[in-house]
Amino acid sequence: MEPEPLQVLPEEWDRALAIVAHPDDMEYGAASAVARWTGQGKTVVYTLVTSGEAGIDGMEPERARQVREAEQVASAAVVGVDVVEFLGGADGMLEYGLPLRRSLSAAIRRHRPDIVITGNFRESFGPGALNQADHIAVGRAVLDAARDAGNRWVFRELLDEGLEPWNGVKAVLAAGSPQATHGVDVTDTLAKGIESLKAHDAYLSGLSQQMDPEEFLESFARMTGTRLGCTFAVSFEVFAFQQF
Ligand SMILES: [Zn+2]
């Protein structure tokens, strides 16, 4: 079966906020697109809901938090992202619900982005590749928070914190979705994306199954490239609120 062709993702926007559950979530593909966008002069900010503190079996969470936050900041810098914030959610135990929606609405109001990026929140990444609970909770909440952020009467306490409504989100992009609709040509920036994944050194060396960042990202990007008509690409499922 021929894979579905992808549409070219529109790039007439200036500011993006990426909201993901864990350090390294952006680096499994989307970071190559971020490198392209920051290279065009766009601003991209990262918000991490957790610090990935439960992600290294051989390291206590208190220590892992420090290590993984530092690796995430270094990794973001590789693709031109200077602002990285951590919301302090509990790694592995995130729940979809009002507290998460409120906290993500606040982040969207603080940063006032045109585009919000998150990770795949479908049940799987494809046949046999189950998604993880935090990813599903965060992605769902991001989609709702992008709308909540614009409503003055939802989470009214945010007004008391000086966070005025923000109605400017044109679309939410979910990276790595099995229902991807759009693609971004990363032929020129894949190398940056690979370098940004390699910055998660402590995490990658703690994995029980070793993975080669270069081979992993290249093979996915090549497959996605055939769907977009270029050498390397990354894909996104687009949820558009406005024309963009
Ligand atoms: Zn993750």
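Residues numbered from 1 in each chain as written. Predicted model: local features only at pLDDT ≥ 70, side-chain atom pairs only at ≥ 80, totals over all residues. Heavy atoms only, no water.

*Asks:* Quick rundown of the coordination of the zinc ion? Include the residues and the values.
*Replies:* The protein atoms that coordinate the zinc ion are His22 (ND1), Asp25 (OD) and His135 (NE2), at distances of 2.0 to 2.1 Å. Mapping the donors of the zinc ion onto the primary sequence gives the spacing H-x2-D-x109-H. Here Asp25, found in the loop between β2 (15–20) and α1 (30–39), pairs with His135, found in helix α4 (residues 133–148); they are 110 residues apart in sequence, far enough to count as distant. An identical accessibility class is assigned to Asp25 and His135; each is buried. (Donors = N, O, S within 2.8 Å, 3.2 Å for Na, K, Ca; no water. Helix = DSSP H or I, 4+ residues; strand = E, 2+ residues; numbered from the N terminus. Buried < 20%, exposed > 50% of the residue type's maximum accessible area, 1.4 Å probe, protein only.)

*Asks:* Tell me about the sheet that holds strand β4 (residues 84–89), and name the residues and values.
*Replies:* The mixed open sheet is built from 8 strands, whose spatial order is β1-β7-β8-β6-β5-β2-β3-β4. Edge positions in the sheet fall to β1 (7–8) and β4, since each of these pairs with one other strand and no more. Bridging between β1 and strand β7 (residues 182–185) involves 2 bridges; their strand directions are parallel. Within β7, the residue paired with Gln7 across the bridge is His182. Packing against the sheet, helix α2 (residues 61–78) makes contact with β3 (43–50) and β4, and its axis sits at approximately 150 degrees to β4. (Pairing = 2+ DSSP bridges. Contact = heavy atoms within 4.5 Å. Axes fitted to C-alpha atoms, helices over the stretch in contact; angles between N-to-C directions.)

*Asks:* Can you break down the environment of Arg222 residue by residue, with the values?
*Replies:* Structurally, the position occupied by Arg222 is in helix α8 (residues 213–228). Distance in space between the C-alpha atoms of Arg222 and Met211 is 17 Å, their sequence separation being 11 residues. Contact partners of Arg222, with chain neighbours within four places excluded, come to Thr231 and Phe232.

*Asks:* How would you explain helix α3 (residues 98–111) if you had to name every residue and give the values?
*Replies:* Between its first and last C-alpha, α3 extends 20 Å over 14 residues, near the 20 Å set by a 1.5 Å rise per residue. Among the residues of α3, those classed as buried are Leu100, Arg101, Leu104, Ser105, Ala106, Ala107, Ile108, Arg109 and His111. Where α3 is buried, its residues contact β2, β3, β4, β5 (115–119), α4 and α5 (157–160). Following α3 by one or two positions, Arg112 adopts a phi angle in the positive range, close to 50 degrees. (Expected span 1.5 Å × (residues − 1).)

*Asks:* Account for the pairing of β2, with residues named and values stated.
*Replies:* The element β2 is largely enclosed, with a buried count of 5 among its 6 residues. Judged from the 6 bridges that link them, β2 and β3 form a sheet pairing that is parallel. In the strand pairing of β3, Val20 is matched with Leu48. Between the parallel elements β2 and β3, the chain passes through α1 in a crossover that is right-handed. (Right-handed = clockwise from strand over helix to strand, strands pointing away.)

*Asks:* How would you explain unusual backbone geometry if you had to name every residue and give the values?
*Replies:* Unlike most non-glycine residues, Asp24 shows phi in positive territory, near 95 degrees. Secondary-structure assignment places Asp24 in the loop between β2 and α1. Even without being a glycine, Phe155 presents a positive backbone phi close to 55 degrees. If you trace the backbone, Phe155 turns up in the loop between α4 and α5.

*Asks:* Break down the pattern of salt bridges for me, citing the residues and quoting the values.
*Replies:* Here the structure, examined in full by the defined rule, presents 11 salt bridges. With its nearest N and O atoms 2.7 Å apart, the salt bridge here joins Glu11 to Arg36. Of this pair, Glu11 sits in the loop between β1 and β2 while Arg36 sits in helix α1, and the two are 25 residues apart along the sequence. Here Arg110 makes a salt bridge to Glu85, at a shortest N to O gap of 3.0 Å. Residue Arg110 is found in helix α3, and its partner Glu85 is found in strand β4; the two are separated by 25 residues along the sequence. Glu85 sits in the buried class, given a relative accessible area of 17%. (Salt bridge = Lys/Arg side-chain N within 4 Å of Asp/Glu carboxyl O.)

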